[in-house]
Structures are given as C-alpha cells and as structure tokens.
Amino acid sequence: MQRKRVAVIGAGPSGLAQLRAFEAAAEKGTEIPEIVCFEKQADWGGLWNYTWRTGLDEHGEPCHGSMYRYLWSNAPKECLEFADYTFDEHFGRSIGSYPPQAVLWDYIKGRVEKADVRKWVRFNSPVRMITYADSTEKFTVTVHNHAAGKTYSEEFDFVVVATGHFSVPNVPYFDGVEQFTGRVLHSHDFRDAVEFSGKDVLIIGRSYSAEDIASQCFKYGAKSVTISYRSQPIGYEWPDNIQEVPLLQTIRNKTCSFKDGTSKEVDAIILCTGYIHHYPFLPDELRLTTANVFYPPGLYKGVVWQSNPKRNAESILLV
C-alpha cells in the first residue's frame, strides 16, 4: 500500500510539536507517514524567531514575527516546559522562571534539533493554496520555493495547519488617524522602546502587549505613557508618568481626545489591539472564520476541523 503523506504548514512551536510527535512514534516502532513541513521563514521557531524586519521580509512576504527585542515570557517556564525535554536538560542547569525571547527560542529549537526532524522542513517556502478533490480524496498543496524561485504543487492525504494566529494585526480605525502627524504602529511592528525615548506615547489596549510595551517605553525614557482602554483599566499603581484613560475617540493633528472628555497631545500611537485569524491559502470551505477566542466554532477540541471533506478521518487540523 502506498505510504500516506502529511503536510504540516508552519514550523513554529505548534508545527514543531507535530514533527516531534511523529518522530517519537517512529522511535517506538510505529510506521509513520511521509512528513513534509513548509515554513515561510529561513529558520524555525515561529514567533520566537526574532527578526529586526517589519512590514515585509527579504522575499516581499508579510513579516510573520511579532517579537520585540526585549520581550520576556509572561508565563513561568514551569508552565511552558515540554514533558519530554526539560529546561534543565537543555541548558544543563537551572534558570529563572521568566526567560527572555532568545532563551525560549533556543529551548524550542533544542528539542527538535535533538529529535533530528529538520530534514522534514522546507524553509523559505510559503504555502499559496490548499485544495481538496473528492475524486482523489487528496489535498493539493501549492508552495512557492523562494530559494529556487519557482512555484510547485504536491498531493497529500492529510494537512496540519500550524501557522498560528498572532501575526496578522487587528488594526481598528479611529476618527482622524489619517491626520495624525506622529508615528502610528501596531505592536506587531514594535521592536525596541528606545525609539520612543523623550516622547509622549499613547497605547491603545489593555492586555499583555499593552502592559509590557507601556512598561518598556517607561523604562527606556518615554516622557509619558497614556494607556487607552476599551472596557476597563489594567488597574496597576503606575509611576507618575503613566496614566490610564478610557477609549480614544478622535485625533486632530497630535491631539487625542478620549471618551471621558480628556485630551492629550502625543508623538506616537501604538496599537496593542490584538490579531486576527488569517488563512489566505485555504479555500472558503476549509477556512476557519472566527474572532480571536479560546474555542473557535467548527473545531473539535479546538483542533480538528469538523467540516472535514474526509468524514472518516481527521484530515485537516488547525493547531
């Protein structure tokens, strides 16, 4: 019988977990399918693979990375550790509970480097389209190989979509933003708070990125930081030059007016407004359409696509 083929889209933490799972099964003597992982970046690690680039990458593709230079984990490593590969094993000693980006990237890579699964990954290879044919019961995956400068297609029996959902920014519109004479960016494009030293910064949002970027701007010398929230404030006892105000309403030149009637002149606006699920390579019948929620509709256990064209098999997964 012909060997089955599995396409894994993305070599970030989720995609690498799939590769490690297949490799572990093979170690135990299980016959596994042929695995091909397509990764758009030049190296694996997904979001944890830091890049200085913003906007477009070296190939003209949208930058996947949302990582900034001095990001540290906002969860203890004890909650992030792989069951089969500990931080102590990787580093040969104990480390602090909240490691920085570079340490986590090194750890994530270490697990799959030990497993020797890099041979399954095709780098600089963004997926352009995935289609399914009832006649063959197979998926056709169309990929662009940037190294060779060509586009090609291959057939697979199963597809694992592991592209994540923290790389395409959610960018809300605010009245007058097109007239703003300062700098506007989404946290996706934030790389270093030094840029905002001596400036009045407005941050839109009240979740993890807003909290951390506000703290970093303060640490690296911002003149003031104003955090504008939609529902409720973060509520910390901030330093004197950090304040929280209700949601931004209008922008006139550099003057920003808020829902409580107050206003402030600012030099930069950083949108910490989250991300959207974006799967442009999937046709409508296979594409997940949802807000950014923990349990999107249509996914069994948050993983298996319930509108499977293969009713008797878990043929497409989103992880």
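Residues numbered from 1 in each chain as written. Predicted model: local features only at pLDDT ≥ 70, side-chain atom pairs only at ≥ 80, totals over all residues. Heavy atoms only, no water.

Draft legend 1. Broad picture of the packing of aromatic side chains. A full pass over the atoms with the stated rule returns 13 aromatic pairs. Seen from their ring centres, Y68 and F190 are 5.1 Å apart, and the 80° between their planes marks the pair as edge-to-face. Of this pair, Y68 sits in the loop between strand 2 (34-38) and helix 2 (77-80) while F190 sits in the loop between strand 8 (183-186) and strand 9 (200-204), and the two are 122 residues apart along the sequence. Consider the rings of Y70 and Y220, whose centres lie 5.5 Å apart with planes at 15°: the pair is stacked. With Y70 in the loop between strand 2 and helix 2 and Y220 in the loop between helix 5 (208-219) and strand 10 (224-229), this residue pair connects regions lying 150 residues apart in the sequence. Here a set of aromatic residues connected by ring pairs shows up, and it is made of F82, Y85, F87, F91 and Y107. Just above the ring of W120 sits the side chain of K119; from NZ or CZ to the centre is 5.3 Å. (Phe/Tyr/Trp six-rings, centres within 6.5 Å; stacked < 30°, edge-to-face > 60°. Helix = DSSP H or I, 4+ residues; strand = E, 2+ residues; numbered from the N terminus. Lys NZ or Arg CZ within 6 Å of the ring centre and 35° of its normal.)

Draft legend 2. Examining helix 5 more closely. With 12 residues, helix 5 extends 16 Å from end C-alpha to end C-alpha; this agrees with the ideal 16 Å at 1.5 Å per step. Considering only its buried residues, helix 5 is in contact with strand 9, strand 10, strand 11 (242-246) and strand 15 (268-271). (Expected span 1.5 Å × (residues − 1). Contact = heavy atoms within 4.5 Å.)

Draft legend 3. Just the layout of surface pockets, in detail. Put simply, the second largest pocket is a space of about 200 Å³. Looking at side-chain class alone, the lining of the second largest pocket contains four nonpolar, six polar and five charged residues. (1 Å grid on protein atoms, 1.4 Å probe; cavity = no way out; pocket = protein on both sides within 12 Å on 5 of 7 lines; lining within 4 Å. Points joined across faces, edges and corners; volume = space filled by probe spheres on them. Nonpolar A, V, L, I, M, F, W, Y, C, P; charged D, E, K, R; others polar.)

Draft legend 4. Layout of the sheet that holds strand 6 (residues 150-156). Within the open sheet, the three strands sit side by side as 4-5-6. Their pairing is antiparallel. Unpaired on one side and paired on the other, strand 4 (127-133) and strand 6 mark the two borders of the sheet. Ignoring strand direction, the axes of neighbouring strands in this sheet form an average angle of 20°. Pairing of strand 5 (residues 138-145) with strand 6 involves seven bridges; the strand directions are antiparallel. Paired with F139 across the strands is F156, a residue of strand 6. (Pairing = 2+ DSSP bridges. Axes fitted to C-alpha atoms, helices over the stretch in contact; angles between N-to-C directions.)

Draft legend 5. Spatial organisation of the pattern of salt bridges. On inspection of all chains with the given rule, the structure shows 20 salt bridges. Here R20 ties to E27 by a salt bridge, and the two come within 4.0 Å at their closest N and O atoms. When its relative accessible area of 15% is taken as the criterion, R20 is described as buried. Given a relative accessible area of 58%, E27 falls into the exposed group. What you see here is one network of salt bridges that share partners, running through R20, E23, E27, D84 and R111. (Salt bridge = Lys/Arg side-chain N within 4 Å of Asp/Glu carboxyl O. Buried < 20%, exposed > 50% of the residue type's maximum accessible area, 1.4 Å probe, protein only.)

Draft legend 6. Examining the sheet that holds strand 9 more closely. Pairing within the open sheet is parallel, and its five strands lie in the order 8-15-9-10-11. Single-partner strands in this sheet number two, and they are strand 8 and strand 11. The average angle at which neighbouring strand axes cross in this sheet is 20°, direction not considered. Taken together, the four bridges between strand 9 and strand 15 define a ladder with parallel strand orientation.

Draft legend 7. Broad picture of empty space enclosed by the protein. By the definition in use, this model includes one cavity of 30 Å³ or more. Of the voids in this model, the largest cavity is the one considered here, and its volume is about 30 Å³. Taken together, P13, L16, A17, F82, I108, R111 and V112 make up the lining of the largest cavity. Looking at the lining of the largest cavity, the elements with two or more residues in it are helix 1 (13-27) and helix 4 (101-115). When grouped by side-chain class, the residues that make up the lining of the largest cavity number six nonpolar, no polar and one charged.

Draft legend 8. Geometry of the environment of L80. Mapped onto the elements of the fold, L80 is located in helix 2. Overall, L80 belongs to the partly exposed group, its relative accessible area being 37%. Between the C-alpha atoms of L80 and N308, which are 228 residues apart in sequence, the distance is 31 Å.

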